[in-house]
Amino acid sequence: MVAMRNIVLLLLFVTVVAPIVLYTDRLGTFESPSTKQEFIEDVTAFSLSAADSGHLNVLPQETSTAVKEPIRVVYTEEDSTNRRNLPQSLLLRKSREHVSARVLSTTTEENQTQKENPIKLVTGGMSQGNQGGSLDKGDATGENVNGEDAIDVDDNDGKLAKSTHASIQEAQIKEQQLTETSNNMNQKGSLLSETNKQNDQRPSDARVKQLKDHLIQAKVYLSLPVVKSNPHLTRELRLRVKEVSRALGDASKDSDLPRNANERMKAMEQTLMKGKQAQDDCAAVVKKLRAMLHSSEEQLHVLKKQTLFLTQLTAKTLPKGLHCLPLRLTTEYHNLNSSQQQFPNQENLENPHLYHYAIFSDNILATAVVVNSTVSNAKDPSKHVFHIVTDRLNIAAMRMWFLVNPPGKATIQVQNIEDFTWLNSSYSPVLKQLGSQSMIDYYFKAHRATSDSNLKFRNPKYLSILNHLRFYLPEIFPKLDKVLFLDDDIVVQKDLTDLWSIDLKGNVNGAVETCGESFHRFDRYLNFSNPLIAKNFDPHACGWAYGMNVFDLVEWKRQNITEVYHNWQNLNHDRQLWKLGTLPPGLITFWKRTFPLNRSWHVLGLGYNPNVSQKDIERSAVIHYNGNMKPWLEISIPKFRSYWTKYVDYDQVYLRECNINP
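Residues numbered from 1 in each chain as written. Predicted model: local features only at pLDDT ≥ 70, side-chain atom pairs only at ≥ 80, totals over all residues. Heavy atoms only, no water.

Draft legend 1. Broad picture of the side chain of Asn 572. Looking at the secondary structure, you find Asn 572 in the loop between α22 (561-571) and α23 (583-589). Residue class for Asn 572 comes out buried when judged on its relative accessible area of 3%. Those residues in contact with Asn 572, other than ones at most four positions away along the chain, are Gln 433, Leu 577 and Trp 578. (Helix = DSSP H or I, 4+ residues; strand = E, 2+ residues; numbered from the N terminus. Buried < 20%, exposed > 50% of the residue type's maximum accessible area, 1.4 Å probe, protein only. Contact = heavy atoms within 4.5 Å.)

In structure tokens, the structure reads:
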């Protein structure tokens, strides 16, 4: 028993104590590092390399194959003694702290260890720090270093390094997964944003159009013999047509559709797929679609003609309230005595130093807006004189309106065209033409009305001599030098007195040209197939606008413009030289006698063109509602109507009685 114990102690001494003594003796021969910090860096670097590979490998140096002695980390006896006195657990903890610190520093350098090997960095620093040291590396075969030549590392440190390496790899894998997830989310986000952009760019009536297309397709299938022979499919198609028709209703955009519209659309698509599978005769479908297209084109043509006719009818028909207004005013006017029927300031009517306006109209409310807007924007209303000429049906009502609603300090004159005894058919060729049988047939015979495409020229205003008075201004105002002619469908937005100071340079007419577009040139209004027109005029000459025109009556008389007008009217007795209206004979009469005014004086198109620029409207002195959509009609363009209505006092008693509202 004693012998056995001795043997165990001997083996214990040989295996444990002897290696410690030998190891301690060899440490005494090691060189001391220059500083304690270098010792820490050395241990940390070799620990990290051990963690990276599981064992200590020798790095190759270029292409050399000679194996050199590995670097040894040596310590002085003093340091060795101090380390011996330290407890094992403390040494292990410090070693772990160094390893952890090195691991943390390397993870924050974004793969810096892949670019520069940490062992190379450490050994490079050692070679600079140790004067007697040499940097030796193994060959490129990567053989393991013998235990005698390598630093002994505690097994626990090796395990910690391995676990640290595994945690680093796991962190890198997670980081890569997070990066991939982020990239996928970015891709999905970009796809979602692109989808949203496509949805934003989609028309507001896309689903409505799609439902209508489905209805047409279903009706085509219902007309095919192969579908008619299938009662079940026929019933299903008819049911889907009813459902989609109810869902559509009067919807003009997707927001008007009910919530179940998508369900109806999907059900219809499924049924249409059945119909597509049931029929295999494409020629029959094409034939049916062509027939439907032809029928739709015919219906469209008829509807366009009806729309044109109804638009012209609406344009020439006054609303009920505007019929009521002259009746009420006429009744009140005849209840006045003769002294109450007179206007003040009549001494200003022939004063050539004042600003005179000529307005020829039978529309009381429209004339009132022209006068009110002009006076409201005038710098000195007392210097403005308005000469209004109307017909005998409206003379009493027109006078009564301005007696009840005087335009401030401005002067008003209202005349009856019947009082112009000099204006008769023997003097005026146009009066003779208006009373001719051919003109009566043109305007009043139904078969001609349906066959003529120029329905707008059948407006009764072309039969009214009021529309032609603009060619007789010197006869109406014999003592005036200049007159500003205004149509009754305009609104004045600025003071107009500067127009009287414009030098017309010997011309008779001052007007704004309208040749910005091709259809406002002479060939649009005159018949250049007639040699008389082709010989005297340029088809590409720029047209100009009636509605706001400065007329120099002195030059008018000197150049005998009225006689020029009469001569051309006599030549046009068969109405073949120009289109009906007053602008074509005006273009001819004032040919080479028109001075172009700045465009900011007069903007046109508010009665037919909804695209008139807001900027042009606001900077213009006069805006013109030329066209059929007059501001006093229900068919007027809504966004332009307010420019006109703000000069109407709808609280006025006669307007309330006739139920005239904005």
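Draft legend 2. Highlighting the environment of Leu 329. By the secondary structure assignment, Leu 329 is in helix α13 (residues 320-333). Taking relative accessible area as the criterion, Leu 329 reaches 0% and is therefore assigned buried. In the structure, Leu 329 is positioned 72 residues away from Trp 401 in sequence and 6.8 Å away in space, judged by C-alpha atoms. Beyond its immediate sequence surroundings of up to four residues, Leu 329 is in contact with Ile 364, Ala 397, Met 400, Trp 401 and Tyr 654.

Draft legend 3. View of the state of the cysteines. All told, the structure shown has 2 disulfides when counted by the stated rule. The disulfide that involves Cys 324 links it to Cys 658, with 2.2 Å between the sulfurs. Negative torsions about the S-S bond denote left-handed disulfides, and the value of about -70° found for Cys 324 with Cys 658 makes this one left-handed. Separated by 334 residues along the polypeptide, Cys 324 in helix α13 and Cys 658 in the segment after α26 (653-657) bring together distant segments of the chain. We classify Cys 658 as buried; its relative accessible area is 7%. (Disulfide = S-S within 2.5 Å.)

Draft legend 4. A look at the environment of Leu 469. Checked against the element boundaries, Leu 469 lands in the loop between α18 (446-451) and α19 (473-476). Exposure remark for Leu 469: the relative accessible area of 0% places this residue in the buried category. For the pair formed by Leu 469 and Val 389, sequence separation is 80 residues and the distance between their alpha carbons is 9.1 Å. Among residues more than four places away in sequence, those in contact with Leu 469 are Phe 360, Val 389, Ile 417, Phe 420, Leu 423 and Ile 476.

Draft legend 5. Focus on a positive patch on the surface. Side chains of Lys 228, Arg 238, Lys 242, Arg 246 and Lys 288 sit close together on the surface and give a patch of like positive charge. The dominant element in the positive patch, judged by the number of residues it contributes, is helix α10 (residues 231-248), at 3 residues. Here Lys 228 lies in helix α9 (residues 225-228). Since its relative accessible area comes to 56%, Lys 228 is described here as exposed. (Patch = residues over 30% accessible without salt bridge, like charges linked within 9 Å, V, L, I, M, F, W, Y side chains within 5 Å. Areas by Shrake-Rupley, 256 points an atom, 1.4 Å probe, with all protein chains shown as cover. Salt bridge = Lys/Arg side-chain N within 4 Å of Asp/Glu carboxyl O. Lys, Arg positive; Asp, Glu negative; His and termini not counted. Charge placed at Lys NZ, Arg CZ, Asp CG, Glu CD.)

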